[in-house]
Amino acid sequence: MRVVIEKREAISRSARLLVPIISFVFALIFGAILLLASGVNPLVTYAAMARGALGGRHALGETLVKAIPLMFTGLGVSLAFRMLFWNIGAEGQLAMGGLAATGVALFLAGRLPSWSVLPAVIVAGMVAGAVWGAIPALLRAYLKVNETITTLMMNYIAILWISHLYHGPWRDPGGYGFPGTAQFPPEAWLPRLFDRVHLGILLAVVAAAILWFVIQRTKWGFEIRVTGENPQAARYAGIDIARNIVLVMLLSGALCGLAGACEVSGVMRRLQQGLTVGYGYTAIIVAWMGQLNPLGVLLVAFLLAVILVGGDQIQLAMGLPAAMAFVLQGALLFPMLGGALFTEYRLRIVRTGARVTAVTTSSAVEEAE
Amino acid sequence: MDISLLVSVLTITLRAGTSLVYATVGEIYTERSGILNLGVEGMMMMGALAAFAVAYHTGSLALALLVALLVGGLLAAVHAFLSVSLRANQVVSGLTLTLFGTGMASFLGQRLGPGGTYLVGLVGPSLKRIPIPILSELPLVGPSLFNQDILTYGLYIFVPLAGWYLYKTRPGLYLRAVGENPQTADAMGIHVAAFRYLYTILGGMLAGLGGAHLSLSYTKGWAENITGGRGWIAVALVIFAMWDPLRAVVGAILFGGINAVQFRMQAAGTTIPSALLNMLPYIATILVLVVITWWETLRKRIGAPAALGLPYAREEKG
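Visitor: Sorry, what's going on with the overall build of chain B here?
Guide: Along its length, chain B carries 12 helices and 2 strands. For a compact globule of 318 residues, the expected C-alpha radius of gyration is about 20 Å, and chain B comes in at 20 Å, within 12% of that figure. Each principal axis of the C-alpha distribution contributes one length, and for chain B these read about 70 × 50 × 40 Å. In chain B, which comprises 318 residues, the proportion classed as buried is 50%. Pairs at least 24 residues apart make up 78% of the contacts formed inside chain B by residues separated by at least 6 positions.

Structure, rendered in structure tokens:
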């Protein structure tokens, strides 16, 4: 007996839905084994995670607060991934967004009419993220420099930069030596809906809708999809790939920068430690699990926020490492990746010796169709 | 220039470069087989954690190195299974390996200490520097080249061997064939999938060993984010080296040198902000990558194995 892998004519819809669910179950089982091995009851742990992330208004609020940056960065990363541009620099683009937003909130707020402060803060964050994203895009588009490495290296640079600012030149003089800037003036605060959940959640939904429209309904979106699915065909069709790489990364970086701006102006209301806690990396999982679809990204961002907040909760309540959340995230994506085989291919078991018959039957089927 | 300063910079350069050489050469072998593994950072992280945890609890450095090799190989085997057997996207699979390895190491680092507590900040056994008699007394090069730990000495044999194997032996030729043109290699009777599994796992083992050098020698102990992007620098060095193990050494020494200069300047109390000094390796990686890509494109050389990152499936129907 032999297993034959054949490409499906169309992507299997049922496999497409089933694979994420099976992956989730697989991740939970893997996590359970790890928890058992470290002498903890996995059911109790998972219950504590779920309660901590979903039990009650406050818990749900905190989960949404974490879902917002995951939504923005997930949308940004998924757009770049569609073009097979491997932007793993969302973390740095988010950091730069936070940096620029903080700069405007702290140093320009007094010189601007008060109605314009918040828009300026947000736009500054988006522009900074876009610029940070455009640098590796330009290098890749015109000099063919590998973008996985440049985007990632720029994360380290951005994180060191903001940490230098809030530890040093931008540190609040009245902050008792606490590393962080002074609090923003109220006109630079992003309004909150309830608890700490801010307007960013609505912005994220709007951004997802716009992105969906752009990708599915515009000529530019069509170019991006073609380039991602078949770069050769895109080139023959006369699509300017280099230009599109730069444009896509401007948009991708702007979304990640927006995440950073919302974090500093909506959640922390200052720049301090805790801005770069790995949202930009989780975004990769969000984008891939959401199958690069904006709606999928929103849903998966929420799911992963549940895991993140749950991880914090088990650290607080049970003294278990919050890194459990990152282990679960990784364990989620492995089966997800392997599962792609079942959405794009079909497995058939063929008896050895029956090879000739197998070929004739399949060609017979082709003829019948 | 002060001789003792030069000796110290040279010594730190080699010590800092050791983990990079192992990881880079490992990734070169993996990529030569046509598999791109961006999980180097995660495998190094797990190698560093496993090595220190084993050394701390058993006191055996040999066992620690062995476990680091195994852990790196095991993680790489997951990537090989996904990339070779399941034809998954290699970029995303490798990234996942890095995320998973980093998370797992952080989790275990908080559980594998004495009595299920933290490993961070503990002092355990470390690789000792063994001066080689006579040679280590040579002026200048003696103390830096011949007063190192066993993994650094290992490089003096490992690197030439890695180059010789790749370019001068039949299995090395087959390996290059698999990465350049798997169809032809298959027609020659080479088992493409087996080669890809083998060299992906080998690459992972070497990344694990590189990680072990960090926790057993370079930083001595486990710390969160101990690799600090070295796995990624190794991926960049593969391109810098144009997939040649001997050129990887040049790159690793360059980056080891940057580390050494950073270290000396911080020790000397410079006025340059430490954040800027800490950025140096990352800025240098980008600059080096830009220059080398530009230069090699000018010379119209494409060093990457032609089938890198592409899954190979034998066509069933003509």
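Visitor: Mind showing me how you'd approach the interface of chain B and chain A here?
Guide: Interface size is commonly expressed as the accessible surface area that is lost when the partners come together. On the side of chain A, 40 residues touch chain B, which itself brings 43 residues to the contact. Listed by contribution, the elements that provide at least two residues to the side of chain B that touches chain A are α3 (61-85), α4 (90-109), α10 (230-240) and α12 (274-298) of chain B. When the residues that make up the side of chain B that touches chain A are grouped by side-chain class, the tally is 26 nonpolar, 13 polar and 4 charged.

Visitor: Just checking my understanding: could you explain unusual backbone geometry for this structure?
Guide: Even without a glycine there, the phi angle at L84 of chain A is positive, about 60°. Located in the positive-phi region is I134 of chain B, a residue other than glycine, with phi close to 65°. Mapped onto the secondary structure, I134 of chain B falls in the loop between β1 (130-131) and α5 (141-145). What makes I134 of chain B exposed here is the crowd of 9 C-beta atoms within 10 Å.

Visitor: What exactly am I supposed to notice about the environment of W170 of chain A here?
Guide: Residue and element names in this part refer to chain A. Along the polypeptide, W170 turns up in the loop between α6 (147-167) and β2 (192-194). The class for W170 is buried, based on 20 C-beta atoms found within 10 Å. Counting along the chain gives 10 residues from W170 to G180, while the straight-line C-alpha distance between them is 7.5 Å. In contact with W170, other than residues within four places in its own chain, are L165, T181 and L271.

Visitor: Sorry if this is basic, but what is going on with the pairing of strand β4 (residues 345-350) of chain A here?
Guide: Consecutive side chains along a regular strand alternate between the two faces of the sheet. All names here are of chain A. Counted residue by residue, β4 has 0 buried out of 6 residues, so it is predominantly exposed. Strand direction decides the pairing type here: strand β1 (residues 2-7) and β4, joined by 6 bridges, are antiparallel. Pairing of E6 across the sheet is with R346, part of β4.

Visitor: Whenever I open this one, helix α11 (residues 279-289) of chain A confuses me. Can you help?
Guide: Since there are 3.6 residues in each turn of an α-helix, residues three or four apart along the chain are aligned in direction. All names here are of chain A. Counting buried positions along α11 yields 11 of 11 residues, so the element is predominantly enclosed. If you check which residues of α11 are buried, you get Y279, G280, Y281, T282, A283, I284, I285, V286, A287, W288 and M289. The first or second residue beyond α11 is Q291, which carries a positive phi of 55°.

The rules behind these values
- Residues numbered from 1 in each chain as written.
- Chains lettered and ligands numbered in written order.
- Predicted model: local features only at pLDDT ≥ 70, side-chain atom pairs only at ≥ 80, totals over all residues.
- Helix = DSSP H or I, 4+ residues; strand = E, 2+ residues; numbered from the N terminus.
- Rg over C-alpha atoms; globule rule 2.2 N^0.38 Å.
- Buried ≥ 20, exposed ≤ 12 C-beta atoms within 10 Å, placed from the backbone.
- Contact = placed C-beta atoms within 7 Å.
- Nonpolar A, V, L, I, M, F, W, Y, C, P; charged D, E, K, R; others polar.
- Pairing = 2+ DSSP bridges.

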